[in-house]
Every structure is written in structure tokens, then in C-alpha cells.
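# Topology and contacts: notes
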Amino acid sequence: MTPAAWRAGVAIGAIALAGCAPSQSEAPSKHTLIVGIDVSGSFRQSYDDAIEFASYYLYGHLNGLGGLQVPTTLFVTSVGGERPGEMKAFRPIHDFQGKSVEQIAAALRDWYPLGDAYTDFNPFFDRTATHVKRQNLVLVPLNIVLLSDGLPDTPASPGDTLGPYARISLGPLEYLSRSTTVRLLYPTPTIAVRWERAVERRRVRLWTQDAQVMAGWRAQLVPGQLPEAQDKLWVWIRDNVDFRVRARIL
């Protein structure tokens, strides 16, 4: 082999190896997922359905099924308490990895049983911000999923339908990440509109999905199929829950 041919062969081999090596741009992007489950009495009608949905949602994301984004960090907690301002433990990703859909649902029911007296959103958002900072997750894209009817337990004057929602503060989440999205699932259409109109926000993106629409997730399940084969469900979640939300135009 001539020197020129040898050098050409080395160059071709280097190019091939470079093509096989993962680049930094191809590495999975960091992503934090926080799920809050409403355990107040007002959510009684949708609680069981929400727990079942959450178990599939978490399983699908943890395993990247149907193209769902795998979170690098995951925490699950409740929204509600026996008294105003009460918070409960943030369960980390390790408590859900390796579990089946059924095992996740059983764990959620055990950790976050229905029956608390209050739905207090402000302590939840405040504690979430504190937790994100403490875990050194600031600036990492943040997706907060609330399984709740969206009804705040705050007093309102007669005829004041928007006042309690105007007092919901997303302030602690502002500037926490370069991309923060709050997704409220299971409100009625009326409550969804009140969140969209009255809850003040600047950089935080807000997405609501009505309870009537959420009820449709079960229709996507194919009886007897493993979760890995539930393609219709994962497409439905991408289109109706993980919808890419645009920033609010101020």
C-alpha cells in the first residue's frame, strides 16, 4: 500500500468512527416532570380515572413509549391537605422506575389517598419552585402536570367568579426555567376558562384539558395489549396532553 493510499484509508476510518459516535447535539435533552394529584373531596368524581391515567402517563414517559419524552428527573406529589398550606412528600423517579402500570396505580393510591379537605395551589407552586432550586434543576425545561378539577379553596365575594383564580400565583415559577409549562387536566370547561383568563402569568405557559376530553383516553386502549403496544394511547397523549404550548402574548 502506498503512503497516499494508507493516509486515505485512515481518513475514511476516522470519518466512519466519527459518524458512529454520538454527538452532544444528539444526547437526550434534560427535562423535569412534576405531577401533582388533587386529593381533595371536590375531585372525588374524577379521582379514580385520574389515577389510572397518571399510571399510564408515568409509565409511558419513563419508558419513552410512542415517542413520549423521557424525563431525566421526575417527582410526584399531591395537591391538597387537611389544613391550608399543607404539603406532602415529593416522590422521586426511583419510586416509579421498573414498576408496571398496575404497580404505579397501586402506589399512587397508597401514597395519595382521596379525602383531604383543601385544594391549595399556591403552596404547591411555591414548594415546587423550592424543590426545583434545591435539586439544582434551575434552567432545565420544566413540565408540571396537575390532575385536578382546578377548584381553589379560597373565599370569594358573591358574584365574583374570577377572584379566587386571580389569587392563584404562578410567580414562584417565573424565570425558574427557560421553559416552564403548567398543564391542568380534568377541569370543567368553565373552570378551564377561568384559569386561562384570570391566572396571571408572564413566561409560564398554561395548558388546560377539559374533563370531558380526558375521559376519552380509555377509548384508546386496546384490550389485551401490553402498554408497549398501545400506540393509539401514546398518540392521544401527545396530541391532547403533551401539546406544545406557545408562550402567552402580552
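Scroll up to find the structure this text is about.
Here we summarise the structure given alongside this text.

Procedures and definitions
- Residue numbers here run from 1 along each chain, matching the order of that chain's written sequence.
- Thresholds applied to this predicted model are a pLDDT of at least 70 for local features of residues and 80 or more for the giving and counting of side-chain atom pairs; totals over whole chains, interfaces and linings are not thresholded and use all residues.
- Neither water nor hydrogens contribute to the side-chain values; these are computed over all heavy atoms in the structure.
- What is meant by a nonpolar core is a set of buried Ala, Val, Leu, Ile, Met, Phe, Trp, Tyr and Cys residues, joined one to another through side-chain atoms within 4.5 Å.
- Relative accessible area decides the class of each residue, using a 1.4 Å probe on protein chains only: under 20% of the type maximum gives buried, over 50% gives exposed, and in between gives partly exposed.
- Strands are runs of DSSP state E lasting at least two residues, helices are runs of H or I lasting at least four, and both sets are numbered from the N terminus onward.
- Any two residues whose heavy atoms approach within 4.5 Å are treated as being in contact.
- A pair of strands is treated as paired once DSSP finds two or more bridges between them.
- By convention, orient the strands away from the viewer: a clockwise path from the first strand over the helix to the second makes the crossover right-handed.
- The arc refers to the directions leading from the helix axis to the C-beta atoms.
- Working definition: rings of Phe, Tyr and Trp (its six-membered ring) pair if their centres are within 6.5 Å, and the pair is stacked with planes under 30 degrees apart, edge-to-face with planes over 60 apart, and tilted otherwise.
- The criterion is that NZ of a Lys, or CZ of an Arg, lies within 6 Å of the ring centre and within 35 degrees of the ring normal, and then a charge sits over that ring.
- Axis definition: a line fitted to C-alpha atoms, over the contacting stretch in the case of helices. Angles run 0 to 180 degrees between N-to-C directions.
- Any angle between 65 and 115 degrees counts as roughly perpendicular, while under 35 counts as roughly parallel, over 145 as roughly antiparallel, and the rest as oblique.
- Note on residue categories: nonpolar means Ala, Val, Leu, Ile, Met, Phe, Trp, Tyr, Cys or Pro, charged means Asp, Glu, Lys or Arg, and polar means any other residue, Gly included.

### Side note on the nonpolar core
Judged by nonpolar contacts, the single largest core of 37 residues is most densely connected at F53, L108 and L147. For this core, the secondary structure elements donating two or more residues are β1 (32-38), α2 (44-62), β2 (73-79), α3 (101-111), β4 (142-147) and α8 (231-240). Counting residues per element, this core draws most heavily on α2, which supplies 10 residues. Apart from residues lying up to four places away in sequence, L147 is in contact with V35, G36, I37, D38, F43, A50, F53, A54, L185 and Y186. The next biggest cluster of nonpolar side chains, apart from the first, holds 26 residues, and it includes I34, F75, L176 and L206.

### As for the pairing of strand β6 (residues 205-209)
Note: strand β5 (residues 180-185) against β6, five bridges, orientation parallel. If you follow R183 over to β6, its bridge partner there is W207. One crossover worth recording links β5 to the parallel β6 by way of helix α6 (residues 189-198), and it is right-handed.

### Regarding α6
Within α6 the residues assigned to the buried category are I191, A192, W195 and A198. When α6 is viewed along its axis, its buried side chains cluster within an angular range of 160 degrees and face the same direction. On its buried face, α6 sits against α4 (121-134), β4, α5 (163-166), β5 and β6.

### Overview of the side chain of T32
Following the sequence through the fold, T32 ends up in strand β1. Of the residues examined, T32 reaches a relative accessible area of 1% and is grouped as buried. Residues in contact with T32, not counting those within four places in the same chain, are T73, L137, V140, P141, L142 and N143.

### Comments concerning the packing of aromatic side chains
Between two aromatic rings, the relevant description is the distance of the centres plus the angle of the planes. In total, this model carries 10 aromatic pairs according to the counting rule given. Judged by centre distance (6.4 Å) and plane angle (75 degrees), the rings of F53 and W236 are edge-to-face. One end of the pair, F53, is in helix α2; the other, W236, is in helix α8, with 183 residues separating them in the sequence. Across the pair, exposure class does not vary: F53 and W236 are buried alike. A ring pair is formed by Y56 and W217, whose centres lie 5.6 Å apart and whose planes are at 55 degrees; its orientation type is tilted. Of this pair, Y56 sits in helix α2 while W217 sits in the loop between α7 (211-214) and α8; the two residues are 161 residues apart in sequence, bridging distant segments of the chain. By the ring-pair criterion, three or more aromatic residues cluster together here, those being F53, Y56, Y57, W217 and W236. The ring of W111 is capped by R91, whose NZ or CZ atom sits 4.0 Å from the centre of that ring.

### A short note on the side chain of H31
Mapped onto the secondary structure, H31 falls in the loop between α1 (3-20) and β1. Among the residues examined, H31 registers a relative accessible area of 7% and is labelled buried. Ignoring sequence-local partners within four residues, the contact set of H31 consists of Q69, P71, T72, T73, V140, P141 and N143.

### Some remarks on the packing of α2 against α8
At their nearest, the axes of α2 and α8 sit 11 Å apart, and the two run at 95 degrees to each other. Relative to α8, the element α2 is oriented roughly perpendicular. Here α2 contributes F53, Y56, Y57 and G60 to the contact with α8, which in turn contributes L233, W234, W236 and I237. In terms of residue class, the contact of α2 with α8 is made up of seven nonpolar, one polar and no charged.

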